[in-house]
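One letter stands for each residue in the lines below.
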Amino acid sequence: MSTLLIFIFLASIFIIGFLGNQFFKKTKISDIVFLILIGFLLGPCLKIIPETGLNLLKEFAPFFGALALIILLFEGGLHLNFYKVIKEFGRGFSFAFLIFVLTSLLITIFLFFVFDFPFFYGLLIGVILAGTCSAVVVPLISKSKANAKTKILLTLESAITDVLCVVGALIILDIIIAKTTTAQVITQTIFGAFAIAAVIGILGAIIWLHILRDFPGTHEYSYLLTLSVLFLLYALTEFAKGNGAFTALVFGIIMGNSKEILRMLRTKEFTIDYTFSKFQAEISLFVKTFFFVYLGLILELTSVTFKVFVIAICIVVLAVLARWVVSKIVIKKEELKYNQKYIMSLHARGLAAAVLATYPLALGIINEYTSIILPLTFLVIIITNISATIWFYKAEKTAIKNQDNSKISSNNNCA
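Not measured: the values here are computed from a predicted model.

J.: Please provide a residue-by-residue account of the overall build of the protein, values included.
T.: Of the regular secondary structure elements, the protein holds 18 helices and 0 strands. For a compact globule of 415 residues, the expected C-alpha radius of gyration is about 22 Å, and the protein comes in at 21 Å, within 12% of that figure. Its C-alpha atoms give the protein principal-axis dimensions of about 60 × 55 × 50 Å. Looking at the protein as a whole, 51% of its 415 residues qualify as buried. If you take every contact in the protein between residues at least 6 apart in sequence, the share linking residues at least 24 apart comes to 82%. For the protein, the accessible surface area stands at approximately 19400 Å², while carbon and sulfur atoms represent 69% of it.

Take a look at the structure:
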C-alpha cells in the first residue's frame, strides 16, 4: 500500500464516521451497515485497497477487535451512573447470562439435529454468536429515549456477554483440541474472569484518580495518559487470565463517577474535565468507524453459500426468540411495557463475534465446520445490524410519540 493511499484512507475514515454520526443523530438509524458496505466497496468489490493491503489487515483482526472493545466499553462506562450500575448489576448479570445460555443452547440443538454438526462445533458457533455487540449497543442506547434502567441493563448485557462469549469460546476450543476440561474448571474460569477484571479495573482506576488529582502536571495530557493506563490494565488483566474488556468497562465507570467514588472513600474529590470527554468521544467515533469499515474490507462473499445463508437466518430467529423469552422472565411487566421494543431491538452482533470467528483457523483447527464460522458470522452480523436498525428506529418513534402524548396530557391537566 502506498503512503498516500494510507493517509487518504485514514482521513476518509474520520470524515465517513462524522457523516455517519450526523446521519444517526438526524434519523436515529444506525450507520453500521453503511460502514460495512463502504468497506466492502473499497476492498472486495472495487479493489481500491489492494490485495496485499487486505491480507495485512486480516492479520491484525485480533488487535483491531480488542482495541475497539477497549475504547467503546470505556466510553460506555464513563456515561453510566455508579449507584444505578451497582443496583442493577444483579439483574443485568442474570439477564445477560440467561440470554447467553439459552441462545447458545438453541443454536447448538438446531445445528446438531438439522445440519448434523458435531455437538462441540455447534456449541462453539452458538457461544460465538450468543452475545450482543457493545460497539453497536452502547452508542445507540446511550443516545436513545429509553429510561435509565434500560440503558444500564442493555449496556451491562453487552459487556457481560462479551466476556461470556470470549471465555466460553476459548473453553470449547480447549475441549475440541483434546484438552481435559471439567465443569468445575469451566465455572472457575468464568467467575474468575469477572473477579480478576473487576478487581484490576477498580484498583487501577482509584490509584489513577489519586495520581491525576495530586500531580497537576498530568492534567495537560490527562486523556492520553489515562488511555495508556487503560491499555496497561487491559494487558495485565489478560495476562492474569481475566477479561480485559470487562476491565475497560469497570475502569470507565470509576473514572466517570470519580467525584462520588472519592467521596465514598472520604478523600479529596476530583472530577475529569470536559476536554477529556470530548477527546474520548472523538477517539470512539474514529475507532467505531474504522472497525466496521474494516469488517467490510475483509468480507469474502465467495464463501457465502445458500446453506450458510439459511443457517444465518435461522440463528438470528433463534437469538431473537431467546431474547423474548428471557425478557419475559427477568423484566418486570410494567417496565417491559415501555421498554420491550428497545430490549428486543438491540440484538446486533459485531466486535466479539467477528474476532472470535477467526480464532479456530488461527489455532490451526481447519475443517468443514470451522471454515463455515467466518462467513456465517459475517452474515449474522450484517442481518442483525439491519434488523436492529429497523427495530430500534421504530422503538425511538414510539418513545417520542409517548413523550409527546404525556406532555399533551400534562398540559391538559394543568389547564
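There is more to say after this.
J.: So what's going on with the packing of helix 4 (residues 61-78) against helix 11 (residues 244-256)? Residues and values would help.
T.: Direction vectors running N to C along helix 4 and helix 11 enclose 35°, while the axes themselves pass 7 Å from each other. Considering the relative orientation of helix 4 and helix 11, their crossing is right-handed. For the pair helix 4 and helix 11, contact is made by L69, I70, L73, F74, G76, G77 and L78 and by A245, A248, L249, F251, G252, I253, M255 and G256, respectively. In terms of residue class, the contact of helix 4 with helix 11 is built from 11 nonpolar, 4 polar and no charged.

J.: For the packing of aromatic side chains, give the residues involved together with the corresponding values.
T.: What the rule picks out here adds up to 15 aromatic pairs. Centroid distance F74 to F276: 6.5 Å. Interplanar angle 75°. Geometry classified as edge-to-face. Of this pair, F74 sits in helix 4 while F276 sits in helix 13 (residues 274-297); the two residues are 202 residues apart in sequence, bridging distant segments of the chain. Here F74 matches F276 in class, with each residue buried. Cluster of aromatic residues (ring-pair linked, three or more members): F74, Y223, F251, F276 and F279.

J.: So what's going on with the nonpolar core? Residues and values would help.
T.: In terms of nonpolar packing, the biggest core is built from 132 residues, with F95, I125, F251, M255, F291 and F292 touching the most fellow members. In terms of residue count, helix 8 (residues 148-176) provides more of this core than any other element does, 14 residues in total.

J.: Go over the side chain of T377 with me, naming the residues and quoting the values.
T.: In this fold, T377 is placed in helix 18 (residues 373-414). You can call T377 buried: its relative accessible area is 2%.

J.: Lay out the pattern of salt bridges in plain terms, naming residues and giving numbers.
T.: One pass over the full model with this rule turns up 2 salt bridges. The shortest N-O distance in the salt bridge between E157 and R323 comes to 2.7 Å. One end of the pair, E157, is in helix 8; the other, R323, is in helix 14 (residues 306-330), and 166 residues separate them in sequence. The exposure class of R323 is buried, given its relative accessible area of 2%. With its nearest N and O atoms 2.8 Å apart, the salt bridge here joins R213 to D214. Overall, D214 belongs to the partly exposed group, its relative accessible area being 42%.

J.: For the packing of helix 10 (residues 222-239) against helix 11, give the residues involved together with the corresponding values.
T.: Between helix 10 and helix 11, whose axes approach to 8 Å, the crossing angle comes to 140°. Here helix 11 runs oblique to helix 10, going by the angle between their axes. Helix-helix and strand crossings are classified by hand; for helix 10 and helix 11 the assignment is right-handed. Along the contact surface, helix 10 presents T226, V229, L230, L233, Y234, T237 and E238, while helix 11 presents G244, A245, T247, A248, F251 and M255. For the contact of helix 10 with helix 11, the residue count by class is 8 nonpolar, 4 polar and 1 charged.

What counts and how
- Residues numbered from 1 in each chain as written.
- Predicted model: local features only at pLDDT ≥ 70, side-chain atom pairs only at ≥ 80, totals over all residues.
- Heavy atoms only, no water.
- Helix = DSSP H or I, 4+ residues; strand = E, 2+ residues; numbered from the N terminus.
- Rg over C-alpha atoms; globule rule 2.2 N^0.38 Å.
- Buried < 20%, exposed > 50% of the residue type's maximum accessible area, 1.4 Å probe, protein only.
- Contact = heavy atoms within 4.5 Å.
- Areas by Shrake-Rupley, 256 points an atom, 1.4 Å probe, with all protein chains shown as cover.
- Axes fitted to C-alpha atoms, helices over the stretch in contact; angles between N-to-C directions.
- Left-handed = near helix turned anticlockwise from the far one by under 90°.
- Nonpolar A, V, L, I, M, F, W, Y, C, P; charged D, E, K, R; others polar.
- Phe/Tyr/Trp six-rings, centres within 6.5 Å; stacked < 30°, edge-to-face > 60°.
- Core = buried A, V, L, I, M, F, W, Y, C linked by side-chain atoms within 4.5 Å.
- Salt bridge = Lys/Arg side-chain N within 4 Å of Asp/Glu carboxyl O.
- Parallel < 35°, antiparallel > 145°, perpendicular 65-115°, else oblique.

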